[in-house]
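# Coordinate analysis (summary)
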Amino acid sequence: MKAVIIKAFGAPDGLSVVDLPMPDPGPTEVLIAVQAIGVGGVDALIRNGSLAGWGFTEGLVPGSEVAGTVVSVGHDIEESWIGRRVWGFTGLGGGYADHATAAIDDVVPLPDELSAVDAVTLGSSGVVAHFALAHAHFEPGESVLVRGAAGSIGILTVQLAARGGASAVAVTTSSAERGEQLTKLGATHVLDRSGAGEAPPAYDVIIDIVAGRDLPKFFGKLKPNGRLVVVGVVGGQPPADFGTTLMAAFRNSLMFSTFSADTVPVEQRRTVRAVQFAAAARGELPLVVHEQLPLDDVVLAHRKIDAGEVFGRLVLIP
């Protein structure tokens, strides 16, 4: 099968398209003939070596989100899955390929009206956005700031906060053009990357996809009893002493946490994905696809991510 491997950590040129043996599904897995592959910021972090300390190694097939058709199943899985269109989470890698395996618990059937491209635009990002807001104890009438809103997680967080009755949904982004696009999706205020701009002075909830060295500055944008939840580190790790800024605001009773969808029970993730897939199929949840590129253009795809060109989801097509 055709697949992409990380031959060398670093620049996108370290990615290589190769031929690999076809994987066999394990006892509780399915094998998916892939029609679309989601490309995200975490893939770039894995590729450039930023997450090597977490166990990622050169030689890995990156990618964790695919959609396509089940072509074979493990011996503990009902054969009725064969031929079904599905979204699948492939784990810590294995997604950048024309065939991929996924555990049955991480597979969700797709509505006929939902394309494979739309499925990988929504599947992982929608769950993170949904449960990140829940993790922050967001309630209708509260104000929300989405830091780094131009990616698929940010875009969906904006939409879900607006649909959830937020009194204001502010975003940080890199250009007025992107701000205008986000306004059409539910944002009420557009700020620059530093958080400057005409907007409420403070927020009940901040969902942060960026982290990085400027993270501590955003504690100052929380109301008393405000909550900041980090769901990504596309801007790199925060400074080691960022907690001192939080402690300096002790009397404001601020809350800081990280969030990973890995901590959400499998059945809850599957239920939310199925609901969101159905909503998208009905046209109730607009999805933003930046571009579709052939799998052979994976280096170009990662160059676009590194250059900050992507608004929405970048999708690879085997």
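In this report, we go over the structure that sits alongside the text.

Here we come to the overall build of the chain. Of regular secondary structure, the chain possesses seven helices and 15 strands. For 318 residues, the compact-globule estimate of 2.2 N^0.38 gives 20 Å, and the C-alpha radius of gyration of the chain, at 19 Å, lies within 12% of that figure. Its C-alpha atoms put the chain at 55 × 40 × 35 Å along the principal axes. Burial analysis of the chain (318 residues in total) assigns 51% to the buried set. For the chain, restricting intrachain contacts to residue pairs at least 6 apart in sequence, the fraction spanning at least 24 positions comes to 70%. Here the chain displays about 13,700 Å² of accessible surface, and carbon together with sulfur accounts for 53% of that area.

This brings us to the sheet that holds strand β12 (residues 222–230). One open sheet holds the six strands; their spatial order is β10-β9-β8-β11-β12-β13, and the pairing between them is parallel. The open sheet has two edge strands, β10 (189–191) and β13 (255–258), and neither has a second partner. With direction set aside, neighbouring strand axes in the sheet form an average angle of 15 degrees. Bridging between strand β8 (residues 143–147) and strand β9 (residues 168–172) involves five bridges; their strand directions are parallel. In the strand pairing of β9, Leu 145 is matched with Ala 170.

Take the packing of helix α2 (residues 116–135) against helix α3 (residues 152–163) next. In a pair of packed helices, the angle between the axes and the distance between the axes together describe the arrangement. Following both chains from N to C, one finds α2 and α3 inclined at 50 degrees, their axes separated by 8 Å at the closest point. Compared by their axis directions, α2 and α3 come out oblique. The hand of the α2/α3 crossing is right-handed. Side by side, α2 and α3 meet where Thr 121, Leu 122, Ser 125, Gly 126, Val 128, Ala 129, His 130 and Leu 133 of the first sit next to Ser 152, Ile 153, Leu 156, Thr 157, Leu 160 and Ala 161 of the second. For the contact of α2 with α3, the class distribution of residues is eight nonpolar, six polar and no charged.

The subject of this paragraph is the environment of Val 299. Considering the arrangement of structural elements, one finds Val 299 in helix α7 (residues 298–306). For Val 299, a relative accessible area of 18% gives the class buried. Beyond its immediate sequence surroundings of up to four residues, Val 299 is in contact with Pro 12, Asp 13 and Leu 15.

Considering all chains together, one arrives at 13 salt bridges under this definition. Across the pair Arg 303 and Asp 13 runs a salt bridge, and its minimum N-O distance is 2.6 Å. Taken as a pair, Arg 303 in helix α7 and Asp 13 in the loop between β1 (2–6) and β2 (15–19) lie far apart in primary sequence, 290 residues in all. Among the ionic pairs, Arg 270 bridges to Glu 267, the shortest N-O distance being 3.9 Å. With Arg 270 and Glu 267 both in helix α6 (residues 266–281) and three residues apart, this pair spans about one turn of that helix. For Arg 270, a relative accessible area of 21% translates into the label partly exposed. It is possible to trace a salt-bridge network through shared partners that takes in Glu 291, Lys 304 and Glu 309.

How each quantity is defined
- Residues numbered from 1 in each chain as written.
- Predicted model: local features only at pLDDT ≥ 70, side-chain atom pairs only at ≥ 80, totals over all residues.
- Heavy atoms only, no water.
- Helix = DSSP H or I, 4+ residues; strand = E, 2+ residues; numbered from the N terminus.
- Rg over C-alpha atoms; globule rule 2.2 N^0.38 Å.
- Buried < 20%, exposed > 50% of the residue type's maximum accessible area, 1.4 Å probe, protein only.
- Contact = heavy atoms within 4.5 Å.
- Areas by Shrake-Rupley, 256 points an atom, 1.4 Å probe, with all protein chains shown as cover.
- Pairing = 2+ DSSP bridges.
- Axes fitted to C-alpha atoms, helices over the stretch in contact; angles between N-to-C directions.
- Parallel < 35°, antiparallel > 145°, perpendicular 65-115°, else oblique.
- Left-handed = near helix turned anticlockwise from the far one by under 90°.
- Nonpolar A, V, L, I, M, F, W, Y, C, P; charged D, E, K, R; others polar.
- Salt bridge = Lys/Arg side-chain N within 4 Å of Asp/Glu carboxyl O.

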